[in-house]
Amino acid sequence: MQPEGAPTMAATNTGGGFWDGANSFLGNALKIWGDYEKVKAVKSSNGVTQKEHMNTAELDNGAAVLVDAPKTQTAQPKEPMVFGLPQKTLLYGFGGLLAVALVMKAIK
């Protein structure tokens, strides 16, 4: 028989191990993030960040900035494209169909 005010085993073990682990993980993650932000602050106060940014090549889309490939200018197509085909090819095709239709009309 237990005294009336004494906690039982079920009441004290309410998954504390999981929450303690989660709390420890989040605490460590925040500490690491804080350390990272401190390093960034020191770099930007010394001007190192601006120098790194000026010396870093950038891709055309701007998505990847830490690569060794320089930006290149994309060449514009010399001829307009219609439905993925060059305009001249499409016009020649329609011209050929028109010529065949006229020949068939003349034969009839």
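Think of each chain on its own: its residues are numbered from 1, step by step along the sequence as written. Reporting of local features is limited, given that this is a predicted model, to residues whose pLDDT is at least 70; pairs of side-chain atoms are given and counted only at 80 or more, and all residues count toward the totals for whole chains, interfaces and linings. Side-chain descriptors were evaluated using all non-hydrogen atoms of the structure, hydrogens and water having been removed beforehand.

## Considerations on the packing of aromatic side chains
Thinking step 1. Pairing of aromatic rings covers Phe, Tyr and Trp, the last through its six-membered ring, and needs centres within 6.5 Å; plane angles under 30 degrees mean stacked, over 60 mean edge-to-face, and all others mean tilted. Under the definition given, this model contains 1 aromatic pair.
Thinking step 2. Ring centres of Phe18 and Trp19 lie 4.9 Å apart, and the angle between their planes is 75°; on these two criteria the pair is classed as edge-to-face.
Thinking step 3. With a relative accessible area of 57%, Phe18 lands in the exposed category.
Thinking step 4. A relative accessible area of 58% means that Trp19 is categorised as exposed. Burial status follows relative accessibility: with a 1.4 Å probe on protein chains alone, a residue under 20% of its type maximum counts as buried, one over 50% as exposed, and anything between as partly exposed.

## What about the confidence of the model for the chain?
Thinking step 1. Scored from 0 to 100, pLDDT reflects the predictor's confidence in each residue. Confidence in the prediction for the chain averages 77 pLDDT; 65% of positions are at 70 or higher.
Thinking step 2. Labels follow the DSSP assignment, with helices taken as runs of H or I lasting at least four residues and strands as runs of E lasting at least two, numbered in each case from the N terminus. Looking at the elements of the chain, mean pLDDT is at its lowest for helix H1 (residues 9-12), recorded as 52, and at its highest for helix H4 (residues 87-107), recorded as 90.

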